[in-house]
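Here are the chains, one letter per residue:
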Amino acid sequence: MSPLAAATPEVDWRLGVVLVVLVGIAATTSRVAEIGVERDQITAAVRAVAQLAVVALVLTAVLDQLGLTFAFVALMFVVATATSTRRVGVRPAEARWIAAAIAAGAVPVVGLVLASGVIPFNGVGIIPIAGIVIGNAMTAATLSGRRAFAELAAQRGAYEAGLALGLQQHESARLVVQPSAKEALLPGLDQTRTVGLVTLPGAFVGVILGGGTPLEAGAAQVLVLVGLLAAQAVTTACTLQLIAHGKLSHRDR
């Protein structure tokens, strides 16, 4: 047994105790520091446990059937769209534009990876790569959308000045929101820059735990990270363009 394989957690009462203590630390810190997200942290932890328990059971049946595999990927996409729509703060009717932005980043990356044959065209190959890419595209849409709306609210004067100079509405809005793109892409850039030096991400560890060599694990992780750079860049660019053109608008403004 490899050292990493031996490092997988034992699913027993000790795991439950550790999880409760960790959630308690997070919630207590949020309460004492007056951050105000302790309830969200507890809810998120409980949901994570429940959802992963269900997903573990579902994947047992899904992985061997391509039809169910793609249905599961579609479900992931729907949940990602709903989550980003809520976090960005746009109206439910505009969720289709959030979906379009996420799809614009995720679909080409997942399609290229699968079409190239680098990842096996089966449930074991499709679900992990699709989940990672969709999840990170969702994060890019959320970060870029929230930051763009904050910039528009804070720099209303700059937006109106652009209009006064003769710019179209989408041109003036784009000038205001464009700088926020860098903020949305920073987490992915930092993760890629520091991989192997600060962390060993999931794809790397997963391949080794599955019996792969360190070289195969490194190749899988590089593929994932570079794919995420592409997916997040496209999703961020699309989200900002949709906001600038008025396709996405904050429900409270």
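A. Summary view of the overall build of the chain. Each helix and strand counted, the chain has 11 helices and zero strands in total. Each helix and strand of the chain, placed in order from N terminus to C terminus, yields the pattern α-α-α-α-α-α-α-α-α-α-α. Out of the 253 residues belonging to the chain, those deemed buried represent 30%. Nonlocal contacts in the chain, meaning residues at least 24 apart in sequence, comprise 68% of its contacts between residues at least 6 apart. Summed over all atoms, the accessible surface of the chain reaches about 14700 Å², with 68% contributed by carbon and sulfur.

B. View of helix 6 (residues 123-154). Between its first and last C-alpha, helix 6 extends 46 Å over 32 residues, near the 46 Å set by a 1.5 Å rise per residue. The opening residue of helix 6, the one whose side-chain oxygen lies 2.9 Å from the backbone nitrogen of Gly125, is Asn122.

C. Molecular detail of the side chain of Thr236. Note that Thr236 resides in helix 11 (residues 214-244). For Thr236, a relative accessible area of 1% translates into the label buried. A distance of 2.8 Å separates a polar atom in the side chain of Thr236 from the backbone oxygen of Gln232. Sequence-distant contacts of Thr236, defined by excluding residues within four places in its chain, comprise Ala140, Ser144, Ala181, Ala184 and Leu185.

D. Region of the structure containing the nonpolar core. Grouped together as the largest cluster of nonpolar side chains are 31 residues, with contacts concentrated most on Val90, Ile98, Val133, Phe149 and Leu248. Contributions of two or more residues to this core are made by helix 4 (66-88), helix 5 (95-116), helix 6 and helix 11. Here Val133 is in contact with Ala106, Val109, Val110, Leu228 and Ala231, once residues within four sequence places are set aside.

E. Local environment of the confidence of the model for the chain. Residues at a pLDDT of 70 or more form 87% of the chain, whose mean pLDDT is 83. Of all the helices and strands in the chain, helix 1 (residues 3-6) carries the lowest mean pLDDT, 46, while helix 5 carries the highest, 94. Confidence drops under pLDDT 50 across residues 1-7; counting only partners more than four residues distant or on other chains, this segment forms five contacts.

F. Looking closely at the packing of helix 2 (residues 13-32) against helix 3 (residues 38-62). Running from amino to carboxyl end, helix 2 crosses helix 3 at an angle of 165°, the nearest separation of the two axes being 8 Å. Relative to helix 3, the element helix 2 is oriented roughly antiparallel. The hand of the helix 2/helix 3 crossing is right-handed. Residue-level inspection shows Val23, Ala26, Ala27, Ser30 and Arg31 of helix 2 in contact with helix 3, the latter providing Glu38, Gln41, Ile42 and Ala45.

G. How the structure looks around the packing of helix 6 against helix 8 (residues 169-177). Closest axis-to-axis distance for the helix 6/helix 8 pair is 9 Å, and the angle between their directions is 110°. Judged by the inter-axis angle, helix 6 sits roughly perpendicular to helix 8. Of the residues in helix 8, those in contact with Ala148, Glu151 and Leu152 of helix 6 are Ala173, Val176 and Val177. Considered class by class, the residues forming the contact of helix 6 with helix 8 number five nonpolar, no polar and one charged.

H. Representation of the environment of Trp97. Inspection of the secondary structure assignment puts Trp97 in helix 5. Here the alpha-carbon distance between Trp97 and Thr85, two residues 12 residues apart in the chain, equals 9.2 Å. Setting aside residues no more than four positions away along its own chain, Trp97 makes contact with Leu242, Lys247 and Leu248.

I. Quick look at a positive patch on the surface. On the surface, a cluster of positive charge is made up of Arg47, Arg86, Arg87 and Arg146. Examined against the element boundaries, Arg47 turns out to sit in helix 3. On the basis of relative accessibility, which here comes to 49%, the residue Arg47 falls in the partly exposed class.

The rules behind each value
- Residues numbered from 1 in each chain as written.
- Predicted model: local features only at pLDDT ≥ 70, side-chain atom pairs only at ≥ 80, totals over all residues.
- Heavy atoms only, no water.
- Helix = DSSP H or I, 4+ residues; strand = E, 2+ residues; numbered from the N terminus.
- Buried < 20%, exposed > 50% of the residue type's maximum accessible area, 1.4 Å probe, protein only.
- Contact = heavy atoms within 4.5 Å.
- Areas by Shrake-Rupley, 256 points an atom, 1.4 Å probe, with all protein chains shown as cover.
- Expected span 1.5 Å × (residues − 1).
- Polar contact = N/O pair within 3.5 Å; in protein donor to acceptor, adjacent residues only side chain to side chain.
- Core = buried A, V, L, I, M, F, W, Y, C linked by side-chain atoms within 4.5 Å.
- pLDDT = per-residue confidence, 0-100.
- Axes fitted to C-alpha atoms, helices over the stretch in contact; angles between N-to-C directions.
- Parallel < 35°, antiparallel > 145°, perpendicular 65-115°, else oblique.
- Left-handed = near helix turned anticlockwise from the far one by under 90°.
- Nonpolar A, V, L, I, M, F, W, Y, C, P; charged D, E, K, R; others polar.
- Patch = residues over 30% accessible without salt bridge, like charges linked within 9 Å, V, L, I, M, F, W, Y side chains within 5 Å.
- Salt bridge = Lys/Arg side-chain N within 4 Å of Asp/Glu carboxyl O.
- Lys, Arg positive; Asp, Glu negative; His and termini not counted.
- Charge placed at Lys NZ, Arg CZ, Asp CG, Glu CD.

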